[in-house]
Each structure stands twice: as structure tokens, then as C-alpha cells.
Amino acid sequence: MIKNIEKILNVQIEKESYSSHLYLSMASWAETSGYEGIAKWLYIQAEEERLHMLKFIHYVNERGGKAIISAIKTPPATFKDVADVFQSVLIHEEFITASINEIVALCNLEKDFTTLNFVQWFVAEQIQEEKSARAIIDKLKLLGKQNLYVLDKDILTMRAAAEPGGGVA
Ligand code: OFO
């Protein structure tokens, strides 16, 4: 495996691992703040990020590289409110999209078309990821604070609707 590609994929492994930690922390906050549905959504999201991390780990190892499992920084533990949580989800997903795009750019530069093909799954996934976060933020704006109870009940049905054979993560 090309060294530069191995390096950037290992950076992505760390980012996916942090994504999982971040959503786990948000889920835990939601669970202890009385938002059962939102907590479930975020716990599922955390699991999906772990699967993203594993996809990268297996790919690096199967291609003759060495996946590095590094320490992860502690994510924020408290959030202002539900809107703050989902704004943070969107900002984080936009950051992940940018880093996936960097991988695509490097694959083109290095003419690594095998990794380019592998990473296409993540390019498509990020469209879904950002879309899901924006849909929830839009709904939050419409509902207002007093109706958060309704969103909390509704959020898992939104998740199912956002999964065209893929996942939201
Ligand atoms: Fe949220 O897509 Fe992976 O990180």
C-alpha cells in the first residue's frame, strides 16, 4: 500500500473512532436528559461510526498496510440543548465529508484507483449523513421547544426513512 495513502487512512480511522465517541457522549447526555428517542438515535449512530472505523481498519490491513489504533480525545460531555447537539452533529459530519474528500484527492494524485473505489462508499454515505442532520435541524426549527417531546417520539421513524439501503451514519 502506498505510504501516503496508508497514513491518511490511519488518520481517518482515528476520526471515525472519535465520531463514535462523540455520538456516544451525545447519546449519554440525551439519555440522562429525558430524551429517550434521541438517545436511541445517537446510540445507533455511534455504532455505525464504529462500523465505519472497522471498514477502514480491515481495508488497510487487507491491502498490506498496518491499521493503527490510537488514543481518542475526550468528546464534550454536556450540551446546551437538543438543537446544540444536532448542530454539532452537522458540523462534525461536514468536517468528515471534507476529510473523505481529501482522501479522494490524494487517491487521484497517487493514482491509487483501488482505494479511490473503496472510498466511494464513504462519499455516498456522507451525503446521507449531512442530509439526516439537516432534516432534524429543520424539524427542530419548525417544532419549537415545547414540542420536543413529539420529536423525541418521532426521531426513529425519521431515521428509517433516511436509509435507502445504507444507513445514516
Ligand atoms: Fe458520520 O460518517 Fe463516519 O464519520
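Residues numbered from 1 in each chain as written. Predicted model: local features only at pLDDT ≥ 70, side-chain atom pairs only at ≥ 80, totals over all residues. Heavy atoms only, no water.

(A) Structural context of helix 3 (residues 82-110). With 29 residues, helix 3 extends 42 Å from end C-alpha to end C-alpha; this agrees with the ideal 42 Å at 1.5 Å per step. Lys111 sits one or two residues past helix 3 and shows a positive phi near 55°. (Helix = DSSP H or I, 4+ residues; strand = E, 2+ residues; numbered from the N terminus. Expected span 1.5 Å × (residues − 1).)

(B) View of the nonpolar core. Core analysis: the biggest nonpolar cluster contains 26 residues, and Met26, Ile38, Leu42, Val85, Phe86 and Val89 have the highest contact counts within it. Going through the elements one at a time, helix 1 (3-31), helix 2 (36-62), helix 3, helix 4 (113-143) and helix 5 (148-161) are the ones with two or more residues in this core. If you tally residues by element for this core, the top one is helix 1, at seven residues. Sequence-distant contacts of Phe86, defined by excluding residues within four places in its chain, comprise Ile38, Trp41, Ile136, Ile137, Leu140 and Ile155. Counting 20 residues, the second largest nonpolar core, distinct from the first, contains Ile57, Ile103, Val104 and Cys107. (Core = buried A, V, L, I, M, F, W, Y, C linked by side-chain atoms within 4.5 Å. Buried < 20%, exposed > 50% of the residue type's maximum accessible area, 1.4 Å probe, protein only. Contact = heavy atoms within 4.5 Å.)

(C) Geometry of unusual backbone geometry. We note that Lys111 has phi near 55°; this positive angle belongs to a residue other than glycine. On the secondary structure map, Lys111 appears in the loop between helix 3 and helix 4. Residue classification places Lys111 among the exposed residues on the basis of a relative accessible area of 61%.

(D) The arrangement of the packing of aromatic side chains in detail. Enumeration over the complete set of coordinates arrives at eight aromatic pairs. With a centroid separation of 5.9 Å and an interplanar angle of 75°, the aromatic rings of Trp29 and Phe79 are classed as edge-to-face. Here Trp29, found in helix 1, pairs with Phe79, found in the loop between helix 2 and helix 3; they are 50 residues apart in sequence, far enough to count as distant. The pair Trp29 / Phe79 is uniform in exposure class, with both members buried. Judged by centre distance (4.9 Å) and plane angle (80°), the ring pair of Trp121 and Phe122 falls under edge-to-face. On the basis of relative accessibility, which here comes to 1%, the residue Phe122 falls in the buried class. Feature note: the residues Phe56, Tyr59, Phe118, Trp121 and Phe122 constitute an aromatic cluster, connected by ring pairs. Lying across the ring of Trp121, Lys55 places its NZ or CZ 4.0 Å from the centre. Geometry around Tyr18 places Lys73 over its ring, the cationic atom sitting 4.9 Å from the centre. (Phe/Tyr/Trp six-rings, centres within 6.5 Å; stacked < 30°, edge-to-face > 60°. Lys NZ or Arg CZ within 6 Å of the ring centre and 35° of its normal.)

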